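# Fold and contact review
Okay, here's what each chain looks like letter by letter:
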Amino acid sequence: MDDKILTADKATAELISKAKNDGVETVWDRQQIMKAPCGFGEKGLCCRLCAMGPCRISPTPGKGAQKGLCGATADVIVSRNLARMVAAGTSAHSDHGRSIAHVLHMASKDGNYTVKDERKLLEVAKRLGIETENKDMFDLAHEVAEYALNEYGKPFGKLTIPPSVPEQRRKLWEKLDIVPRAIDREVVAIMHSTHMGCMADAESLITMSLRTALADGYGGSYMGTEISDILFGTPVARSTEANLGVLEHNAVNIILHGHEPALSEMIVLAADDAELLKLVKEVGAEGINVTGMCCTGNEVMMRHGVKIAGNFLQQELAVITGAVEAVVVDVQCIFPALPELAEAYHTKFITTSPKARITGATHIEFDEATAYESAKNIVREAILNYKNRNKEKVFIPGSKNHATVGFSNRTIINHLDKVVNSHIDPTGTFKPLADCLTSGVLRGAVGVVGCNNPKKVHDQSMIEIIKTMIANDIIVVATGCAAQAAAKAGLLSKDARRLAGKGLATVCELVDIPPVLHMGSCVDISRIMELVGEVAKLLGVDNCDLPVVGIAPEWMSEKAVAIGHYVVASGIDTWLGITPPIMGSEEVVDILTNRIEEMVGAKFFIEEDPMKASRQMIERIELKRRRLDKKM
Ligand code: SF4
Ligand code: MSK
């Protein structure tokens, strides 16, 4: 590997060097071996949907093949490929939501899973139109779970849209015929329409993609968040720490990686089990240090303050510290490279889900019916592995930062109510926030979300963008790996107020919040959608009228493509910091970055330079402010 700067994070840089010294490979080595990505694939121009192909369209208009064997043009091929990304992303989030709904369905008083947040259960039941009077809490929980599960496959009708969506937006979706039907149906509809010889019209495919993505944002993901809150508690503000420096020399280090909280919650519980703590002593360790990575990390960080070991591109580096007894994974964002890497150290790489089995892993299937016992077995494996740690191979970086996390919407409202009329007359709404936006004390809000991608310097774009936003009095809400980048850079600490403009710093001081609010995992972007919708409703406008934008500066996953589509369909301009595979079709680019605005009042911006993207976002926020002023 040359000496190119690969990361903005010191701990990451130190461990990339250690990897070199240890003679093990990381994503950055594989990137170098891969050389430049395939030019056709990069532009979305290759099609392998049938066995007459694969076909690829020349990226130079008028030169070389301009159509596939069936006559599919670049516009058709690019839009079909993009629609399939939306379908895959939607299915990942929504299947996560489904799993959590199944867990709620098995919740019971004395079982492994119970109801931690009865208030949330009642709120969700109410929004779904389920009678709550005189019902046993668990009967109600099971009814909510059944309702949720039916949303996936109901044969008739439309998805139940949450009340946070402003009336104007709901009507617009109806007019455009993009209100989703059953969640699974929308995914299947895309898979069908993109089958060889079916839909061959870019605009129609993009419209379908919007509908499918809305099934994710207001269906699968939304329920993933709400039901997790019911089961495990709605997050409240709490302190934690982030970066690989949270690993401990004398403890059994366990990394939880993936997405679904059903497993990680149980591991956190099992790590307190008296029998296991006795075993810890027997193996000569001082304790069990459970830490998180990616979104399952966010879930347990929000609810228990579990420390974050790192974000997406640090998953291999955690193993390379030589200090991790077990990496325990469920689904999504897990490198298949991990088992081989773990072999080079003493780390046990443990898969737990039948949805994500990985060759070379130790598979301990996590059974929700016997969740606590399954979790104990997994933790026991980690403890027993402590004796195999080779102290000479250990390097734990010193870097870690303090963070305040746990900003669910209820927590944000509680904080807002601490100020205006505080205890005397709490608003119980986002009104104080809406007032700050209309008065101009806060210029706007930006959601910074999404993954890391080795095409960019790790974490750098996210950090630069967040710093620029808060300096310009724009409050930041963050989820996923972007939130973890912010945590590692100290931007989730109250101390980061010193980097904020005067207006934002004052608000943060009064409300007792950091300038960047950690709102959770990737499915928790539903929290952001709810927040935006509620503020719009308070002001009597649509989402697209608010000075609010979203950005995924370093995205990589298909889930991010689905998210981008539902955020834009919700009326929120969305910046992509990595160019999506659409540049092979001028038509698709024009629809997504231009004409779509006439449909839904928002569009995509593609800008890889974080400073340019920041300037564009500020301009757009100020434009929206001027328009909002005229409306008010
Ligand atoms: Fe080629 Fe058309 Fe088949 Fe795609 S669907 S592989 S463009 S023939
Ligand atoms: S974990 S989807 S790398 S944000 Fe949600 Fe991080 Fe992206 Fe996975």
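Calculation rules
- Residues numbered from 1 in each chain as written.
- Chains lettered and ligands numbered in written order.
- Predicted model: local features only at pLDDT ≥ 70, side-chain atom pairs only at ≥ 80, totals over all residues.
- Buried ≥ 20, exposed ≤ 12 C-beta atoms within 10 Å, placed from the backbone.
- Helix = DSSP H or I, 4+ residues; strand = E, 2+ residues; numbered from the N terminus.
- Pairing = 2+ DSSP bridges.
- Right-handed = clockwise from strand over helix to strand, strands pointing away.
- Near = placed C-beta within 6 Å.
- Nonpolar A, V, L, I, M, F, W, Y, C, P; charged D, E, K, R; others polar.
- Domains from an automatic or database assignment.
- Contact = placed C-beta atoms within 7 Å.

Here strand β14 (residues 548-552) lies mainly inside the structure; five of its five residues are buried. As judged from the four bridges shared by strand β11 (residues 444-448) and β14, these two strands associate in the parallel manner. In the strand pairing of β14, Val448 is matched with Ile551. Alignment of β14 against strand β15 (residues 573-576), held across four bridges, turns out to be parallel. Across the sheet, Gly550 pairs through a bridge with Thr574, a residue of β15. As for the winding sense of the linkage, the β-α-β connection from β14 through helix α22 (residues 558-569) to β15 is right-handed.

In the vicinity of ligand 2, 13 residues are found, and the nearest of them are Cys295, Cys333, Cys451, Gly480 and Cys481. The set of elements that each furnish at least two residues to the shell around ligand 2 consists of α12 (294-304) and α19 (480-488). Counted by class, the shell around ligand 2 contains seven nonpolar, five polar and one charged residues. Among the domains, domain 2 (244-393) and domain 3 (404-631) are the pair contributing at least three residues each to the shell around ligand 2.

Turning our attention to the environment of Val328. Examined against the element boundaries, Val328 turns out to sit in strand β7 (residues 326-329). Note on Val328: 28 C-beta atoms within 10 Å, which makes it buried. It is 6.3 Å that separates the C-alpha atoms of Val328 and Phe349, two residues lying 21 residues apart in sequence.

To continue, consider the domain arrangement of the chain. Taken domain by domain, the chain consists of domain 1 (74-232), domain 2 (244-393) and domain 3 (404-631). Across the contact, 13 residues belong to domain 2 and 16 residues belong to domain 3. Broken down by secondary-structure element, the contributors of at least two residues to the side of domain 2 that touches domain 3 are α12 and β6 (307-310). If you tally residues by element for the side of domain 2 that touches domain 3, the top one is α12, at six residues. Split into classes, the residues belonging to the side of domain 2 that touches domain 3 amount to eight nonpolar, four polar and one charged.

Moving on to the pairing of strand β5 (residues 288-293). Burial of β5 is extensive: six of the six residues sit out of reach of the surface. Residue alternation in β5 divides its side chains into two sets, Ile288, Val290 and Gly292 and Asn289, Thr291 and Met293, and both sets are buried. Note: strand β4 (residues 252-257) against β5, six bridges, orientation parallel. By the bridge assignment for β5, Asn253 is matched with Asn289. Two strands pair when backbone bridges link them, and β5 and β6 are joined in this way by three bridges, in the parallel orientation. Directly across from Gly292, in β6, lies its bridge partner Ile308.

Three- or four-residue spacings in an α-helix give side chains the same orientation, since the helix completes a turn every 3.6 residues. For helix α17 (residues 431-439), the set of buried residues is Pro432, Leu433, Ala434, Cys436 and Leu437. Looking at the buried side of α17, the elements it contacts are α16 (409-416), β11, α20 (502-511) and α21 (525-539). Gly440 occupies a position one or two residues after α17 and carries a positive phi of about 95°.

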